[in-house]
Structures are given as C-alpha cells and as structure tokens.
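Chains, contacts and geometry: an overview
So the chains spell out like this:
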Amino acid sequence: MPLPVIALVATAVESVLDDWSTGRNEAAKNKFSRDNYESVYRTHLANLAKFQQKAPKALALLRTSLWENAWSSTNTAFPEEISAPIEDDVFEAAEAEALDALA
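Notes on the structure follow.

Reading guide: rules and limits
Residues numbered from 1 in each chain as written. Predicted model: local features only at pLDDT ≥ 70, side-chain atom pairs only at ≥ 80, totals over all residues. Heavy atoms only, no water. Phe/Tyr/Trp six-rings, centres within 6.5 Å; stacked < 30°, edge-to-face > 60°. Helix = DSSP H or I, 4+ residues; strand = E, 2+ residues; numbered from the N terminus. Buried < 20%, exposed > 50% of the residue type's maximum accessible area, 1.4 Å probe, protein only. Polar contact = N/O pair within 3.5 Å; in protein donor to acceptor, adjacent residues only side chain to side chain. Contact = heavy atoms within 4.5 Å. Core = buried A, V, L, I, M, F, W, Y, C linked by side-chain atoms within 4.5 Å. Axes fitted to C-alpha atoms, helices over the stretch in contact; angles between N-to-C directions. Parallel < 35°, antiparallel > 145°, perpendicular 65-115°, else oblique. Nonpolar A, V, L, I, M, F, W, Y, C, P; charged D, E, K, R; others polar. Salt bridge = Lys/Arg side-chain N within 4 Å of Asp/Glu carboxyl O.

A look at the packing of aromatic side chains
For the structure shown, the criterion picks out 2 aromatic pairs. Relative to W71, the ring of W67 lies with its centre 5.6 Å away and its plane at 20°, an arrangement referred to as stacked. Of this pair, W67 and W71 both sit in helix α3 (residues 56-72), separated by 4 residues, roughly a single helical turn. Judged by its relative accessible area of 25%, W67 falls in the partly exposed class.

Okay, structure coming up:
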C-alpha cells in the first residue's frame, strides 16, 4: 500500500476520532478539509518516510498487513496479480452509474 494512501487513511481516522472527542459525534463542527487536516496528513507522511528510512522491513510488513486486511474485509479472493487489469465493463458500469447520478 503506498505511503500517501496510508497517510491519508490515518488522517481520515484522526478526523473521525476528533469528531467523537467529546463522546458525541460532532462531525458537523469538524470538516475533513485541506485547511483543517493538511498539516496532520503531512505529519503522518513524514513519519512514514522516517519509518521507511529507519525500519524498512518493519514498514514493509505493516504495508503488507494493511493491504491484506483491507482486501480480506471485502470477502473476495485475493487477486492473482496485484496489478490486475480492470476490465472495460467495470469502467462502463461506473460511467453509467455516474451519469445516472448526475441526471
């Protein structure tokens, strides 16, 4: 899993934790926006870069674990290739869905 993706997910999780920091959901008061969370994202990304430099094998295990856990939560089989090509019908279905939503 790419480090920017991990940093973004960590930032989103931090935002949700902030939403609940009082024990009540206050998401309406806490926008997940660039203005509010860019510095948090950059800190997570910098920490991951340092992790890569100081403990590359440990980070590789973490990245693999995150990917495997994310994939297994979909209840589908692991792909035989990590970079498996996406079939044209998937794009066509996505485009049709977007057009329907915009109509």
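Let's talk about the side chain of N30
Along the chain, the position of N30 falls in the loop between α1 (3-19) and α2 (34-54). Given the relative accessible area of 16%, N30 is considered buried. Side chain to side chain, N30 and D19 meet in a polar contact 2.6 Å long. Non-local contacts of N30, meaning those with residues more than four positions away in its chain, are made with S15, D18, D19 and Y37.

Overview of the nonpolar core
Formed by L3, I6, A7, L48 and L59, the largest nonpolar core amounts to 5 residues. Of the residues forming this core, the biggest block, 3 residues, is contributed by α1. For L3, the residues in contact, after removing those within four places along its chain, are L45, L48, A49, Q52, L59 and R63.

Points about the packing of α2 against α3
Interhelical geometry of α2 versus α3 gives an angle of 125° and a closest axis separation of 5 Å. By the angle class used here, α2 and α3 are oblique. Two secondary-structure elements touch here, α2 through L48, F51, Q52, Q53 and K54 and α3 through P56, A58, L59, L62 and R63. Taken together, the residues of the contact of α2 with α3 break down into 6 nonpolar, 2 polar and 2 charged.

Considering the environment of L102
Positionally, L102 belongs in helix α4 (residues 88-102). A relative accessible area of 73% places L102 in the exposed class. Residues L102 and A7, 95 residues apart in the sequence, show an inter-C-alpha distance of 31 Å.

Quick look at the pattern of salt bridges
All told, the structure shown has 2 salt bridges when counted by the stated rule. Between R42 and E38 there is a salt bridge, with its nearest N and O atoms 3.0 Å apart. With R42 and E38 both in helix α2 and 4 residues apart, the pair spans about one turn of that helix. Of the residues examined, E38 reaches a relative accessible area of 26% and is grouped as partly exposed. What you see here is one network of salt bridges that share partners, running through R34, E38 and R42.

All we've got here are geometric facts, nothing functional implied.
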